[in-house]
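Structural overview for review
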Amino acid sequence: MKVLVTGANGFTGQHLVKTLVGKGFEVIATSRNASKLPSYDNLTYYNCELTDVRNVENLFDLTRPGAVIHTAAMSKPDECAANPDLCTANNITATQHLLDAATKVGANHFVYLSTDFIFGENGPHAEDDIPSPLNLYGASKLEAEALVNAASIKTTIVRPVFMYGPVWENLRPSFIQWVAGKLNNGEPIKVVTDQARTPTYIGDLCWGIQKIIQDQVPGTFHLAGKDIVSPYDMAVAVAKHLNLPLGLIEPVTASTFPEPVKRAQRSGLKIDKAVHELGYAPHAFADALQKCFA
Ligand SMILES: NC(=O)c1ccc[n+]([C@@H]2O[C@H](COP(=O)([O-])OP(=O)(O)OC[C@H]3O[C@@H](n4cnc5c(N)ncnc54)[C@H](OP(=O)(O)O)[C@@H]3O)[C@@H](O)[C@H]2O)c1
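Residues numbered from 1 in each chain as written. Predicted model: local features only at pLDDT ≥ 70, side-chain atom pairs only at ≥ 80, totals over all residues.

A closer look at the overall build of the chain
Rule in force here: We count a stretch as a helix when DSSP gives it H or I for four or more residues in a row; a strand needs E for two or more, and each element gets its number in order from the N terminus. A radius of gyration in this sense is built from C-alpha atoms; the matching globule rule multiplies 2.2 Å by the number of residues raised to 0.38. Any pair of residues counts as being in contact when their C-beta atoms, constructed from backbone geometry, are within 7 Å of one another.
When its secondary structure is counted, the chain shows ten helices and nine strands. Relative to a compact globule of 294 residues, whose C-alpha radius of gyration would be 19 Å, the chain shows 19 Å and is just as compact. Each of the three principal axes of the chain carries a C-alpha extent, and together these read 55 × 40 × 40 Å. Long-range contacts, defined as pairs at least 24 residues apart, comprise 76% of the intrachain contacts of the chain with a sequence gap of at least 6.

Quick notes on the sheet that holds strand β4 (residues 67-70)
Under the convention used in this document: Between any two strands, pairing holds if DSSP finds at least two bridges. Only the stretch in contact is used when fitting a helix axis, every axis being a line fitted to C-alpha atoms; angles between N-to-C directions are given from 0 to 180 degrees.
Strand order across the open sheet formed by seven strands is β3-β2-β1-β4-β5-β6-β8, with parallel pairing between neighbours. Of all the strands in the sheet, just β3 (43-47) and β8 (219-222) have a single pairing partner and so form its edges. The sheet shows a mean angle of 15 degrees between the axes of neighbouring strands, taken without regard to direction. Pairing analysis gives four bridges linking β4 to strand β5 (residues 109-113), with the strands arranged parallel. Within β5, the residue paired with Ile-69 across the bridge is Val-111. The sheet contacts of helix α1 (residues 11-22) involve β1 (2-6), β2 (26-31), β3, β4 and β5, and relative to β2 the element is tilted by about 165 degrees.

A word on the site of the ligand
Just so we agree on the cut-off: We call a residue near a molecule or strand if the C-beta atom, set from the backbone, is within 6 Å of it.
Surveying the vicinity of the ligand reveals 27 residues, the closest of which are Gly-7, Gly-10, Thr-12, Arg-32 and Ala-73. Elements represented by at least two residues in the shell around the ligand include exactly α1 and α4 (84-104).

Some words on the nonpolar core
The criterion, for reference: Here, a nonpolar core means buried Ala, Val, Leu, Ile, Met, Phe, Trp, Tyr and Cys residues linked by C-beta atoms lying within 7 Å of one another. Each residue is classed by its C-beta neighbour count within 10 Å, where at least 20 other C-beta atoms makes it buried, 12 or fewer makes it exposed, and intermediate counts make it partly exposed; the C-beta atoms are placed from backbone geometry. Here the limits of each domain have been adopted from an automatic or database domain assignment.
Judged by nonpolar contacts, the single largest core of 71 residues is most densely connected at Val-17 and Val-27. For this core, the domains that each give at least three residues are domain 1 (2-163 + 200-222) and domain 2 (175-197 + 227-269 + 283-292). The residues contacting Val-17, other than those within four sequence positions of it, are Val-5, Ala-8, Val-27, Ala-29, Leu-37 and Leu-43. Counting residues in each nonpolar core, the second largest holds eight residues, with Cys-80, Ile-118, Leu-136 and Tyr-137 among its members.

Some remarks on the confidence of the model for the chain
Close reading of the predicted structure is inappropriate where its pLDDT is low. For clarity, the cut-off: pLDDT is defined as a per-residue confidence score from the predictor, taking values between 0 and 100.
The pLDDT averaged across the chain works out to 97; a share of 100% of its residues lies at or above 70. Confidence, read as mean pLDDT per element, is least for helix α10 (residues 285-292) in the chain (96) and greatest for β5 (99).

A look at the packing of helix α8 (residues 231-242) against α10
Put simply, the test is: When describing relative orientation, an angle under 35 degrees is termed roughly parallel and one over 145 degrees roughly antiparallel, while 65 to 115 degrees is termed roughly perpendicular and anything else oblique. What makes a crossing left-handed is the near helix being turned counterclockwise from the far one by less than a right angle; a clockwise turn instead makes it right-handed. For this scheme, ten residues count as nonpolar: Ala, Val, Leu, Ile, Met, Phe, Trp, Tyr, Cys and Pro. Four count as charged, namely Asp, Glu, Lys and Arg, and the remainder, Gly too, count as polar.
It is at 10 Å that the axes of α8 and α10 come closest, and there the two elements cross at 55 degrees. Here α10 runs oblique to α8, going by the angle between their axes. By crossing handedness, the relation of α8 to α10 is classed as right-handed. Residues Ala-237, Val-238 and His-241 of α8 touch α10, and the partners they reach there are Phe-285, Ala-286 and Leu-289. Here the contact of α8 with α10 is composed, by residue class, of five nonpolar, one polar and no charged.

Comments concerning helix α2 (residues 53-63)
Worth spelling out the cut-off: Arc definition: directions from the helix axis to the C-beta atoms.
Buried within α2 are the following residues: Val-56, Leu-59 and Phe-60. Axial view of α2: buried residues confined to an arc of 95 degrees, hence all on one face. Turned more than 90 degrees away from the buried face of α2, the exposed residues are Arg-54, Asp-61 and Leu-62. Looking at the packing, one finds that the buried side of α2 touches β2, β3 and α4. Remark: Arg-64 follows α2 within two positions and exhibits a positive phi of approximately 40 degrees.

So, the packing of α4 against helix α5 (residues 136-150)
Two elements in contact, α4 and α5, have axes separated by 9 Å at closest approach and are oriented at 15 degrees. Classified by the interaxial angle, the pair formed by α4 and α5 is roughly parallel. Crossing of α4 against α5: the hand is right-handed. Residues Pro-84, Cys-87, Thr-88, Asn-91, Ile-92, Thr-95, Gln-96 and Leu-99 of α4 form the contact with α5, whose own contacting residues are Leu-136, Tyr-137, Ser-140, Lys-141, Glu-143, Ala-144, Leu-147 and Val-148. In terms of residue class, the contact of α4 with α5 is made up of nine nonpolar, five polar and two charged.

Printed below as a string of structure tokens:
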């Protein structure tokens, strides 16, 4: 199957491309700038600005994918709040361009990467809980979900949470590498105790998306971790795993960091639907850490 992956230079995109290429899919990868991916026989890379409709149409005319996995986004809430028009263009308009082009070339399946930020407080949330985004990023992703649901081709919405995983050259670090880097340098860090999340190990997300593509499963799925943890819990687990000094981690409340956008205190997603319908079996946080730092 020929699969187009958008946002292929990003954290999720690079992991996903690596997974799909390894499983023998013919992968067309695209991102805004020059490729940051290694070369593989079954991988072709095109740079494409997704807010430019002509660019998107040309890419689809040229490549005619059978399935599309749309990970590209303006993915930082603070950046969205500071640039509302760009947020709309990147997160909403670009999604419509991709849906139109996929429909036009007769693609079978469109998978959209959304987020737990479409919900408000009182997580963890199930797929059919009522959305209530607390910031523009969450609202833009929710609006894009509505476009995906209105499309006339088969679609799937996948919602991960606070992703982490191994990194390599040219791949942006996740939270766990930030913690490890600071502690390795002997630098003290302040980490929040009063936020609850169900972080997604990227390997589990890639497994779930591959399963969804392979079996062409429509609907909405939460692909998160099974543990409810705070960023502080995560930092402590990283320090213990790598034998780094725990004393450098100072527990603080979220009020220590006045942030430009509102974030949920108790977020996170329930994964029962993915467990029952996809056979999703995510790693425990401690087990995933072993893979991240192997
Ligand atoms: N990271 C998380 O913890 C998390 C949690 C929940 C949901 N998500 C969702 O998961 C998806 C992937 O997140 P991520 O953290 O892996 O993203 P990321 O690392 O920020 O990467 C996003 C990629 O999208 C590309 N992109 C953005 N706008 C584009 C445009 N207009 N045209 C072409 N390419 C464009 C960027 O290209 P350039 O590098 O060239 O700018 C970048 O490579 C996003 O949809 C995000 O909303 C992420």
